[in-house]
Amino acid sequence: MTDRITLTGLDVVGHHGVFAVEKEQGQHFVVDITTWLDLTPAARTDDVADTLHYGELAEYAAGVIAGPPRDLIETVAVEIAEGVLGRWPVTAVEVTLHKPTAPIPLTFADVSVTVRRTAAPGAGSAP
């Protein structure tokens, strides 16, 4: 499927990291999510019920990021991706989770992880 909905630059405070100070103080995380799905039904009906509501997608991702602390951003990114597949009729999802203020004692622009998950065959059709 080549149709997609993309959410870029969602900034949420979370408490993820391997160091205690990261879990205590928290920091900003930025997430980009791309979903692949058939947008034909939504285009035909002009009804938000026939598509992925990107506001709900943003709320879901923000809830995961602001949720229970994890050591690794890999864990957070996979949780978001697998949750998207389980909640919406998408055929695939890609999540990039950025940690722009990671505790690295060098000058850097960003650190991120990207995960991509695909629905099982037959999944991802319109509800």
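Located above this text is the structure these notes cover.
Residues numbered from 1 in each chain as written. Predicted model: local features only at pLDDT ≥ 70, side-chain atom pairs only at ≥ 80, totals over all residues. Heavy atoms only, no water.

**Describing the pattern of salt bridges**
Inclusion rule: Criterion for a salt bridge: a side-chain nitrogen of Lys or Arg within 4 Å of a carboxyl oxygen of Asp or Glu. The secondary structure listing takes helices from DSSP runs of H or I that are at least 4 residues long and strands from runs of E that are at least 2 residues long, numbered from the N terminus. Here's how the labels work: a residue is buried when its accessible area is under 20% of the maximum for its type, exposed when over 50%, partly exposed in between, all with a 1.4 Å probe on protein chains only.
Throughout the structure, instances matching the rule amount to 3 salt bridges. Taking the shortest distance from any N to any O, the salt bridge between Lys-23 and Asp-71 comes out at 2.4 Å. Note that Lys-23 is positioned in helix H1 (residues 20-25) and Asp-71 in the loop between helix H3 (54-65) and helix H4 (73-87), a separation of 48 residues in sequence. Between Glu-79 and Arg-70 there is a salt bridge; the shortest N-O distance is 3.1 Å. Residue Glu-79 is classed as partly exposed on the basis of its relative accessible area, which comes to 30%.

**Regarding the packing of aromatic side chains**
Note the threshold: Ring geometry is summarised as follows: Phe, Tyr and Trp rings, the Trp one being its six-membered ring, pair when their centres sit within 6.5 Å, and such pairs are stacked at plane angles under 30 degrees, edge-to-face over 60 and tilted between the two. By definition, being over a ring means that NZ of Lys or CZ of Arg is both within 6 Å of the ring centre and within 35 degrees of the ring normal.
Per the stated rule, a full pass over the model turns up 1 aromatic pair. Between the aromatic rings of Tyr-60 and Trp-88, the centroid separation amounts to 6.1 Å while the plane-to-plane angle is 75°, which identifies the pairing as edge-to-face. With Tyr-60 in helix H3 and Trp-88 in the loop between H4 and strand E3 (92-98), the pair connects residues that are 28 residues apart, well separated along the chain. Comparing Tyr-60 with Trp-88 shows no difference in burial state: the two are buried. A cation over an aromatic ring shows up here: Arg-116 above the ring of Trp-36, its NZ or CZ 4.2 Å from the ring centre.

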